[in-house]
Amino acid sequence: MTVVEERPAPPAAPPPKLPRRLWALLRNSWRQLTSMRTALVLLFLLAVAAIPGSIFPQRAVNEQKVTQYYQAHPSLAPWLERLGGFEVYGSPWFASIYLLLFTSLVGCVLPRLRDHARALRQAPPDAPRRLDRLPESADLTVEIGPKDIARILRRRRFRTKIREQEDGSWTVSAEKGYLKETGNLLFHFSLLAVLIGVGFGHWYGWHGDRILVAGADQGFCDSLAQYDDSTLGPRVDAADLPDFCLKLTDFRAAYQATGQPKNFSATVAVTEGDGPAKTRTFTVNDPLRLHGANVHLIGHGYAISLRYTDRYGVSQTKVVPFLPIDGMFTSEGVAQFPDVNIDPKTNRRDSTLQMGFEGRYLPTVGTDGSATSTFPAENAPALFLTAYRGDLGLDVGTPGSVYALDQGQIATGDLKNVSGARPHELKVGESWTLDDGTKLEFLGTRPYATLAIRYDPTQTLVLAGAALGLLGLMLSLGGHRRRVWFRALPASPESDGGTLLTAGGLPRTDYPGFADEFAQLVKAAEEGTP
Amino acid sequence: MAELSNQLMAVAVLAYLAAMVCYAAEYAFGSKSRIGRAAVRPARQLVGSGAPVSDIADDEDIVEVAKPDRSGEIFGRIAVGLNIVALLLHLGALTTRGIAADRMPWGNMYEYILSATFVGSAVWVGVLIRRPAIRHIGLFVTLALVLLLGADGMIAYTPVGPLVPALHSYWFVIHVSTIILASGIFLIGAVPATMFLIRDGYDRGKRRFPYSLGRNTPDATVLERLTFRLHAFAFPLFTFGALIAGPIWAEASWGRYWGWDPKEVWAFISWIVYAGYLHARATPSVKRTVATWIALLGFATMLMNLFGVNLFFGGFHSYANPGGM
Ligand code: HEM
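Keep in mind that this is a model prediction, so the values were computed, not measured.

(A) Summary view of the overall build of chain B. Tallying secondary structure elements over chain B gives 9 helices and 0 strands in all. When the helices and strands of chain B are placed in sequence order, the string is α-α-α-α-α-α-α-α-α. Within chain B, the proportion of its 325 residues that are buried is 62%. As displayed, chain B offers around 12100 Å² of accessible surface, 71% of which is attributable to carbon and sulfur atoms.

Shown next as structure tokens:
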């Protein structure tokens, strides 16, 4: 391994002036930064710096868990926040480590690239004086000349160079294994390509999540407002989003008898731009690939359809997705009716008469009366709701969860439980008359699909970088650089008409098979058979 | 069939245990065996001085003929026989498990460890056949296998079940099989790495436990080179499995190729640490012992990913928690 770790020190300079000293300092720092030791330390730091991201919840992975962490550790969480503990991989300290590492990498591989390009153009160097001092050496008698020896070597894909002297002596120099260094450089440059790809993907990519309930009335078009949650890269504008609309027309899920899911598939009607509506089916692991966006199926659940009829006889229907809380699809959610019980005479909303229903949906009610579902499909569905009347707290302007009632309003008594401690059970088609004579009907359920919609323009670059990197890595780890020389001295005694040669071999990397290879080369030369 | 698999697994562990006992017996009795004798030869210079000239010891030449000690030799041979029997039983446990589940036996943590240890064991037997001189570290290989399989059966056992839909993908097969191969080889690589450190300490005059174990191991150079070869072989496999096939599958499945999920984080950490090992080994001024410590650290991060992350952190990877999509 001929890694030049410390490059030769600059020649001793005359008493330095300040700019010169600065320059020297810079040069030394640069040399330090690009040394293998620094690379090692930085690699190590990077590994250590990655650990907190697996211990603390990460906002980019799961926002909800971060909120939970805040509730569980109210005094620690703000500190972690300040240190970037919830966004480790976007934090300045993480970035500074990998940027330094990649600077070091550039500084390290550019000179190597130059040296290697030079080595590729140069002929293998002339033989050292004492071939018998090399790790492998042999004396042999051959019947053939330098050209034939070179041919033998070339057949084994050595590069060769014949040097003939006036006095009749000659050497054949041969070298093999340049691909090792080529591979090494390819690998390190590919790492750069991957980093650049990831960076650009972050800037120019975007993603959004959306729950899409089945039914023509529940369609979704790609615009920021219609996402439940979205993140645009710094260089992406809302207007850049591609133009498409989706309607979920069918959703299927199949389960084992144990309740373990077997497979899912979602069928949608898609329109892209002004194009016609097309029907497409996609599933987990097999996303719907559109122009400029990929739609991934990442979850599913049940949306509850409810009709509320208020004291003036006005009905409203809502379809609200309930979120599964376990593998059997025990689902929780809320239906809020802020605009009900409006007196037609005054046409004014009475904020003490808003209605909210909170509870659980069990696709299969167990026989033991427990409050959790026993199977994920709708074998014996039932809805358990508690009714609240009062101010839902929706007007304050703070966006609340659409899956839970505002607990603050309940605590202050502005929103009151009006149906008692036990949730009311409803089967599909049943209706429930409340204490004030208003009525809630459970119309049924519809499936919904949780979609992750994403676009990452540099994915192909990253993949290509990774593939080339792997190729380089294999060449580099599998290759062996080695040199072989054959020399005939001017006064080589002729024995039986042959020429007496000395041969020497130098493996430049750790290569246990070299002795065999060398012996074979010597044998081939002796026999004169290529 | 699932029952049979469990029984085979138990018998395989017993067979590894028996092999371990025999290796240990050879270790104890066999100090004058030919391997032990060969190992007493002075250690070659280890720390590359830049010129690899001093570093070209051929593996085979350590097996020098000295007067063999019969009892040690016999125990050693029995140990290898038992080791091979254990490997076959292990294969049986794996195959029956696959038949019971009607798929590749890599669907959960239990099966994953069962497979990775199998790969490790198979690679070990392969190395053993090519280089019998290495037999003395068999004690530690079987010890590692027994510990891992025991932990697998006790902590991670999962009844046979079908795959969750997220795992229905041919990338699943590619991703998991390469990682299992790589992990198995890293596992076997960790054994000569440990033995090298012990042997190196022994050669430098340390006699306390565990360095006392260094008395009977193969030559330090041989151990170190074997360590490197195994790691150099496993590293590209791991790169492909964890950092290429994994992300390709994640892209199809979750929409992002890399999302810093705890399992991804720890795969990244392992990869960086092993890259550090390869760097350290290629840097002349870094001692081989230091480099080898880094390789062991890499293995520790792999174990962390296997046990720690599955059991404590959860995350997207549905291995340890059934039911999710
Ligand atoms: C992003 C971080 C880096 C990673 C993941 C990485 C990875 C690797 C790996 C896996 C190898 C071993 C395979 C091979 O021999 O080609 C290697 C070799 C090498 N790396 Fe890096 N590297 C990184 C950064 C650097 C830096 C910053 C330097 C220079 C300061 C550097 C210099 C080298 C050299 C000289 C070798 C060749 C060693 C030999 O001769 O075998 N690398 N690198």
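(B) A look at the overall build of chain A. A count of helices and strands for chain A gives 11 helices and 22 strands. Taken over the C-alpha trace, chain A has a radius of gyration of 37 Å; the compact-globule value for 530 residues is 24 Å, which it surpasses by more than 25%. A principal-axis box enclosing the C-alpha atoms of chain A has dimensions of 125 × 65 × 50 Å. In chain A, buried positions account for 43% of the 530 residues. For chain A, long-range pairs separated by at least 24 residues make up 65% of all intrachain contacts whose partners lie at least 6 apart in sequence. Total accessible area computed for chain A in this model is approximately 27400 Å², and 56% of it derives from carbon and sulfur atoms. Side-chain charges of chain A comprise 56 positive and 55 negative groups, with the mean position of each set lying 9 Å from the other.

(C) View of the domain arrangement of chain A. We note that the domain assignment places domain 1 (27-118), domain 2 (124-177 + 480-527) and domain 3 (206-233 + 241-455) within chain A. In this structure, domain 1 of chain A and domain 3 of chain A have C-alpha centres spaced 40 Å apart.

(D) The arrangement of unusual backbone geometry in detail. A cis amide bond links Phe 209 of chain B with the next residue in sequence, Pro 210 of chain B, at an omega value of 0°. As for its placement among the helices and strands, Pro 210 of chain B is situated in the loop between helix 6 (170-203) and helix 7 (220-254). A positive phi angle is found at Asn 341 of chain A, which is not glycine, with a value near 60°. Structurally, the position occupied by Asn 341 of chain A is in the loop between strand 13 (331-337) and strand 14 (354-362). Residue Asn 341 of chain A is classed as buried on the basis of its relative accessible area, which comes to 1%. Residues other than glycine seldom take positive phi values, yet Asp 102 of chain B does so here, at roughly 60°.

(E) Here's a closer look at the coordination of the iron atom of the ligand. At this site the iron atom of the ligand is bound by His 188 of chain A (NE2) and His 279 of chain B (NE2), with donor distances of 1.9 Å. Seen from the iron atom of the ligand, its 6 donor atoms lie at angles of 76 to 179°, and the figure they make is octahedral. Placement of the pair is His 188 of chain A in helix 8 (residues 178-204) and His 279 of chain B in helix 8 (residues 262-282), with the two residues belonging to separate chains. Each member of the pair, His 188 of chain A as well as His 279 of chain B, is classed as buried.

(F) Structural detail: the environment of Ala 371 of chain A. All names here are of chain A. Tracing the chain through its elements places Ala 371 in the loop between strand 14 and strand 15 (382-390). For the pair formed by Ala 371 and Tyr 361, sequence separation is 10 residues and the distance between their alpha carbons is 9.3 Å. Residue contacts for Ala 371: discarding those within four places in its chain leaves Thr 330, Arg 360 and Leu 362.

(G) A look at the site of the ligand. As a matter of local geometry, the ligand sits amid 26 residues, with Cys 108, Arg 112, His 188 and Ser 476 of chain A together with His 279 of chain B nearest to it. Neighbouring residues of the ligand are not confined to one chain but are distributed across chains A and B. Here an oxygen atom of the ligand and a side-chain polar atom of Asn 184 of chain A are 2.7 Å apart. Residue assignment for the shell around the ligand shows that the elements contributing at least two residues are helix 2 (36-50), helix 6 (92-121), helix 8 and helix 10 (459-478) of chain A together with helix 8 of chain B. Sort the elements by how many residues they give to the shell around the ligand and helix 6 of chain A lands first, with 6 residues. The residue inventory of the shell around the ligand, partitioned by class, reads 18 nonpolar, 7 polar and 1 charged.

(H) Highlighting the pairing of strand 9 (residues 278-282) of chain A. All names here are of chain A. Two strands pair when backbone bridges link them, and strand 8 (residues 261-272) and strand 9 are joined in this way by 5 bridges, in the antiparallel orientation. Bridge pairing in strand 9 places Ala 269 opposite Thr 279. Between strand 8 and the antiparallel strand that follows it, strand 9, lie 5 residues; Gly 273 among them carries a positive phi value of about 60°.

(I) The interface of chain A and chain B, seen in detail. Counting from both sides, the interface comprises 57 residues of chain A and, opposite them, 59 residues of chain B. Taken together, the two surfaces of chain A and chain B that pack against each other cover about 4900 Å², and 69% of this comes from carbon and sulfur. Our count for the contact surface shared by chain A and chain B stands at 1 salt bridge. Counting across the interface, chain A meets chain B through 8 residue pairs in polar contact (both at pLDDT 80 or more). The set of elements that each furnish at least two residues to the side of chain A that touches chain B consists of helix 2, helix 3 (52-55), helix 8, strand 8, strand 11 (293-309), strand 19 (439-455) and helix 10 of chain A. Looking at the side of chain A that touches chain B residue by residue, the class counts come to 36 nonpolar, 12 polar and 9 charged.

(J) Summary view of the confidence of the model for chain A. Confidence in the prediction of chain A, expressed as mean pLDDT, is 89, and 94% of residues score 70 or more. Considering each helix and strand of chain A separately, the mean pLDDT is smallest for strand 21 (residues 494-495) of chain A, with a value of 54, and largest for helix 10 of chain A, with 95.

(K) Spotlight on helix 7 (residues 146-155) of chain A. Residues and elements named next belong to chain A. Along helix 7, the residues that are buried comprise Pro 146, Ile 149, Ala 150, Ile 152 and Leu 153. Here the buried residues of helix 7 occupy an arc of 155° about the axis, which is enough to place them on one side. Exposed residues lying more than 90 degrees from the buried face of helix 7 are Lys 147 and Arg 155. Next to the buried residues of helix 7 lie strand 2 (159-164), strand 3 (170-176), strand 20 (482-488), strand 22 (498-507) and helix 11 (514-527). Where helix 7 ends, the next residue or the one after it, Arg 157, has phi of about 60°, a positive value.

(L) Molecular detail of the layout of surface pockets. Residue and element names in this part refer to chain A. Put simply, the second largest pocket is a space of about 470 Å³. Around the second largest pocket, the lining comprises 14 residues; the ones closest to its centre are Val 319, Val 320, Pro 321, Val 402 and Tyr 403. Looking at the lining of the second largest pocket, the elements that each hand over two or more residues are strand 4 (206-213), strand 12 (315-324) and strand 13. Looking at the lining of the second largest pocket element by element, the count peaks at 4 residues for strand 12. Class assignment for the residues of the lining of the second largest pocket results in 9 nonpolar, 2 polar and 3 charged.

(M) View of the pairing of strand 14 of chain A. Residue and element names in this part refer to chain A. A large share of strand 14 lies buried, amounting to 8 of its 9 residues. Note: strand 13 against strand 14, 7 bridges, orientation antiparallel. Residue pairing in the sheet places Ala 335 in a bridge with Phe 357 of strand 14. Sheet analysis places strand 14 next to strand 15, joined by 9 bridges and oriented antiparallel. Across the sheet, residue Leu 362 finds its bridge partner in strand 15, namely Ala 382.

(N) Just the sheet that holds strand 8 of chain A, in detail. Taken in spatial order, the 4 strands make up an open sheet running 5-7-8-9 (chain A), and their pairing is antiparallel. Both outer strands of the open sheet, strand 5 (220-221) and strand 9 of chain A, are each paired with one neighbouring strand and no more.

(O) Quick peek at the pattern of salt bridges. All names here are of chain A. Applying the stated criterion across every chain yields a total of 31 salt bridges over all chains. Taking the shortest distance from any N to any O, the salt bridge between Arg 481 and Glu 175 comes out at 2.7 Å. You can see Arg 481 sitting in the loop between helix 10 and strand 20 and its partner Glu 175 sitting in strand 3, a full 306 residues away along the chain. In this structure Arg 481 comes out as buried when scored by relative accessible area, which is 14%. Residue Glu 175 is classed as buried on the basis of its relative accessible area, which comes to 2%.

Here is what the cut-offs are and how they apply
- Counting restarts for each chain: residues are numbered from 1 in the order of the written sequence.
- Chains and ligands are labelled sequentially in the order written, the chains with letters from A and the ligands with numbers from 1.
- With pLDDT at 70 or above as the cut-off, local features in this predicted model cover only qualifying residues; side-chain atom pairs require 80 or more to be listed or tallied, and sums for whole chains, interfaces and linings still use all residues.
- Side-chain measures here rest on the full set of heavy atoms in the structure, leaving out hydrogens and waters.
- Comment: elements are numbered from the N terminus, with helices defined as DSSP H or I runs of at least four residues and strands as E runs of at least two.
- Exposure categories follow from relative accessible area, calculated using a 1.4 Å probe and restricted to protein chains: below 20% of the type maximum is buried, above 50% is exposed, and the middle band is partly exposed.
- To measure how exposed things are, a 1.4 Å probe is used in the Shrake-Rupley method; for residues, cover is taken only from the protein chains shown.
- Two things to know: the radius of gyration comes from C-alpha atoms, and the globule rule equals 2.2 Å times the number of residues to the power 0.38.
- Should any heavy atoms of two residues lie within 4.5 Å, those residues are considered in contact.
- When charges are tallied, Lys and Arg are placed among the positive residues and Asp and Glu among the negative ones, while His and the ends of the chain are skipped.
- To locate a charge, take atom NZ for lysine, CZ for arginine, CG for aspartate or CD for glutamate.
- Each domain span listed reflects an automatic or database assignment of domains.
- Atoms of type N, O and S within 2.8 Å of a metal are treated as its donors, and for Na, K and Ca the window is 3.2 Å; water is not considered, so some sites may appear to be missing partners.
- Each label reflects the angles at the metal, where four donors whose angles all fall between 85 and 135 degrees are tetrahedral, four or six donors whose opposite pairs open beyond 155 degrees and whose other angles stay between 65 and 115 are square planar or octahedral respectively, and the rest are irregular.
- For this purpose, a residue is taken to be near a molecule or strand whenever a single non-hydrogen atom of the residue falls within 4 Å of it.
- We define a polar contact as two N or O atoms separated by no more than 3.5 Å, with the added condition that, inside protein, one atom must be a possible hydrogen donor and the other a possible acceptor, whereas residues neighbouring each other in sequence contribute only through side-chain atom pairs.
- Note on residue categories: nonpolar means Ala, Val, Leu, Ile, Met, Phe, Trp, Tyr, Cys or Pro, charged means Asp, Glu, Lys or Arg, and polar means any other residue, Gly included.
- Two strands are counted as paired when DSSP detects at least two bridges linking them.
- Accessible area, probed at 1.4 Å, shrinks when two parts are joined; the buried area is that loss added up over both.
- We count a salt bridge whenever a side-chain nitrogen from Lys or Arg sits within 4 Å of a carboxyl oxygen from Asp or Glu.
- For every residue, the predictor states its confidence as a pLDDT score lying anywhere from 0 to 100.
- The reported arc concerns the directions from the helix axis to the C-beta atoms and nothing else.
- Buriedness for pockets is judged along seven lines, at least five of which must meet protein on both sides within 12 Å for an open set on the 1 Å grid over protein atoms alone, while cavities are sets there where a 1.4 Å probe fits but cannot get out, and lining residues have an atom within 4 Å of a point.
- Grid points are joined across faces, edges and corners, and a volume is the space filled by probe spheres set on the points.

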